[in-house]
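Observations on the three-dimensional arrangement
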Amino acid sequence: MTRTTLLEQLEIFSKEHTGDLLLPVQPQEEDESPPPNRAATVYTPCLPELRSYARKAPFITHEFVTGKDAAVQRPGGGKFMQSTAVVRTCFCVYHQNEQEGRLALLTLMERMRIALLEEVVIGNQFKLDLDAGVETLVYPGNPNQTAVSPFYLGEMITTWHIPPVERKVPHGKENPDYRGGGYPGTPAGRP
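What comes next is a walk through the structure. Sequence order as written defines residue numbering, which begins from 1 separately in each chain. Local features are withheld for residues below a pLDDT of 70 in this predicted model, meaning they are given only at 70 or higher, and side-chain atom pairs are given and counted only at 80 or more; totals for whole chains, interfaces and linings count all residues. Side-chain numbers come from the whole structure's heavy atoms, not from hydrogens or water.

**Focus on the packing of helix α1 (residues 2-18) against helix α3 (residues 98-119)**
- In this description, a line fitted to the C-alpha atoms serves as the axis of each element, helices being fitted only across the stretch in contact, and the angle between N-to-C directions of two axes falls anywhere from 0 to 180 degrees. We count a stretch as a helix when DSSP gives it H or I for four or more residues in a row; a strand needs E for two or more, and each element gets its number in order from the N terminus. Between α1 and α3, the least distance of the axes is 10 Å, while the angle of their chain directions is 115°. In this view, α1 runs roughly perpendicular relative to α3, as classed from their interaxial angle. You can see that α1 and α3 cross each other, and the crossing is right-handed. Of α3, the residues touching α1 (which contributes Leu10, Phe13, Ser14, His17 and Thr18) are Leu108, Arg111, Met112, Ala115, Leu116 and Glu119.
- Residue classes follow a fixed rule: Ala, Val, Leu, Ile, Met, Phe, Trp, Tyr, Cys and Pro count as nonpolar, while Asp, Glu, Lys and Arg count as charged, and any other residue, Gly among them, counts as polar. Looking at the contact of α1 with α3, its residues break down into six nonpolar, three polar and two charged. Here the angle decides the label: under 35 degrees means roughly parallel, over 145 means roughly antiparallel, 65 to 115 means roughly perpendicular, and every other value means oblique. A crossing counts as left-handed when the near helix is turned anticlockwise from the far one by less than a right angle, and as right-handed when that turn is clockwise. Should any heavy atoms of two residues lie within 4.5 Å, those residues are counted as being in contact.

**Observations regarding the pairing of strand β2 (residues 59-73)**
- The rule for pairing is simple: two strands pair if DSSP sees at least two bridges between them. Bridge count between strand β1 (residues 41-43) and β2: three bridges; the pairing is parallel. Across the sheet, the residue bridging to Tyr43 is Thr61, located in β2.
- With 14 bridges connecting them, β2 and strand β3 (residues 79-94) associate as antiparallel partners. For Phe64, the partnering residue across the bridge sits in β3 and is Val87.
- Between β2 and β3, which follow one another and run antiparallel, lie five residues, and Gly77 among them has a positive phi close to 110°.

**A closer look at the packing of aromatic side chains**
- When two rings of Phe, Tyr or Trp (its six-membered ring) have centres within 6.5 Å they constitute a pair, described as stacked for plane angles under 30 degrees, edge-to-face for angles over 60, and tilted for the intermediate range. Throughout the structure, instances matching the rule amount to two aromatic pairs.
- Between Tyr43 and Phe59 the ring centres are 6.5 Å apart and the planes differ by 70°, which places this aromatic pair in the edge-to-face class. Here Phe59 lies in strand β2 and Tyr43 lies in strand β1, a separation of 16 residues in the sequence. Neither residue differs from the other here; Tyr43 and Phe59 are each classed as buried.
- Here the aromatic rings of Tyr94 and Phe151 are separated by 5.6 Å at their centres, their planes lie at 55°, and the arrangement is tilted. With Tyr94 in strand β3 and Phe151 in strand β7 (residues 151-162), this pair connects stretches of sequence that are 57 residues apart. Think of it in three bands: residues with accessible area under 20% of the maximum for their type are buried, residues over 50% are exposed, and the middle band is partly exposed, with areas taken using a 1.4 Å probe on protein chains only.

**Describing the side chain of Asp129**
- Mapping Asp129 onto the fold places it in the loop between β5 (126-128) and β6 (135-138).
- When charges are counted, neither His nor the chain ends are considered; positive counts come from Lys and Arg and negative counts from Asp and Glu. In what follows, salt bridge is the name for a side-chain nitrogen of Lys or Arg lying within 4 Å of a carboxyl oxygen of Asp or Glu. Of the side chains with opposite charge, Lys127 lies nearest to the buried Asp129, which makes no salt bridge, at 8.2 Å.
- Polar side-chain contacts of Asp129 include one of 3.0 Å to the backbone nitrogen of Asp131.
- Under the rule applied, a polar contact is a pair of N or O atoms within 3.5 Å (in protein, one hydrogen donor and one hydrogen acceptor; residues adjacent in sequence only if both atoms are side-chain atoms). A polar contact of 3.5 Å, which involves the side chain of Asp129, links it to the side chain of His161.
- If sequence neighbours within four positions are ignored, Asp129 has contacts with Thr159, Trp160 and His161.

So this is what it looks like as structure tokens:
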């Protein structure tokens, strides 16, 4: 559940660091007056209804992409387990003015990027991998469009050191469920 907890902590972190940034909301047909600006809503791991992005903007999503568990050599000898997780964070904002929309997107993304680089550790257990860096991408508009899209999208890729899974029975110790020859809790010789 560690990777799930990482996404939950990123959701909390995002709300704390972007919650005061109020962004435009697309008016809906039923609206008689323009909707008030609001903070980006944060979702994990994705939007509740993918096709509803127009109604959800502004928003941020955090989604687990890939992870790795590996034994790493200690400088003084021996090995330890190291676990990492790569997270994709997507940003979407709405704005009628293209220049202001692109700046609103960049502002939202910069809030997150700067806050992550300043704090590095979130939830007292997840550490941003600074060696892997923080990669950001702002999707360019389509130059072939005759009308400018009022939605602006970007993403950020981050790598996190997460607590590794600990063995329940240390190597070489007796396990009362082990029946010899196979894996713990299985008949002898059968995996």
